Amino acid sequence: MTGEELVAFAKSKLGVPYVYGMKGKVMTEALYNRLKQTYGDLIWDSDKQKIGKVCCDCSGLISWATGIARSSQNYHDTALAIEPISTISNAPIGAAVWRKGHIGIYIGNGEYIAEDGSAYGCRINQLSKSGFTHWLKLKDIDYAEQEETEVVEQAKIIINGKEYTIERILKDGTNYVKIRNLADALGYAVSSKGSTPVLTKK
């Protein structure tokens, strides 16, 4: 499974309720009672309302996708790379974002997707609001193919209230806009001085 496939899988589970210890299966009353007995306060009383629904926890979301069961700590301990969250701009799409006791999936543009606790379920959220301390390259995910992938697409941009169509490059979860397209939209001619672009008002 690639990082993009992991992200696509996780997005297909948005809204799936969170229950600690669940791994993408239907929660029965017997299962709820067993989890409550095993994990105590980690299983909320309000989680009982989720009986009959497919439920999942944070590490379970990734395990559900890959078919390989691991805890958030085990994902950390078996990771191929562990980097500080401050370097998330270097992370491939589908890298895990981690803090002790919690794990999510990086989807690019400063966002992650995770089973974010009983109050939220599976959601997309800003990394800046998460408290994650590290990002991980998971051993169960193939990041090799995507590290050099680029997607070029037509995109709209609005400048001073006027809409323009430009080419946008998507690479490793970041948007890049071609200087020439942007300059044309702003009414500038583009030349260069060595490797430095020079913009001159038309």
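No experiment lies behind these values; they were computed from the predicted model shown. (Residues numbered from 1 in each chain as written. Predicted model: local features only at pLDDT ≥ 70, side-chain atom pairs only at ≥ 80, totals over all residues. Heavy atoms only, no water.)

What follows deals with the packing of aromatic side chains. Within this structure, the stated rule accounts for three aromatic pairs. Centre to centre, the rings of Tyr20 and Tyr39 are 4.8 Å apart; their planes meet at 80°, and the pair counts as edge-to-face. One end of the pair, Tyr20, is in the loop between helix 1 (3-11) and strand 1 (23-26); the other, Tyr39, is in helix 2 (residues 29-39), with 19 residues separating them in the sequence. Classification of Tyr20 as partly exposed rests on a relative accessible area of 28%. Residue class for Tyr39 comes out partly exposed when judged on its relative accessible area of 34%. An angle of 85° between the planes, with centres 5.0 Å apart, marks the rings of Tyr112 and Phe132 as edge-to-face. Separated by 20 residues along the polypeptide, Tyr112 in strand 6 (residues 111-115) and Phe132 in the loop between strand 7 (122-126) and strand 8 (134-137) bring together distant segments of the chain. Given a relative accessible area of 2%, Tyr112 falls into the buried group. Looking at Arg99, its charged tip hangs above the ring of Phe132, at a distance of 5.6 Å from the centre. Stacked on the ring of Tyr120, the Lys or Arg Arg123 has its end atom at 3.7 Å from the ring centre. (Phe/Tyr/Trp six-rings, centres within 6.5 Å; stacked < 30°, edge-to-face > 60°. Helix = DSSP H or I, 4+ residues; strand = E, 2+ residues; numbered from the N terminus. Buried < 20%, exposed > 50% of the residue type's maximum accessible area, 1.4 Å probe, protein only. Lys NZ or Arg CZ within 6 Å of the ring centre and 35° of its normal.)

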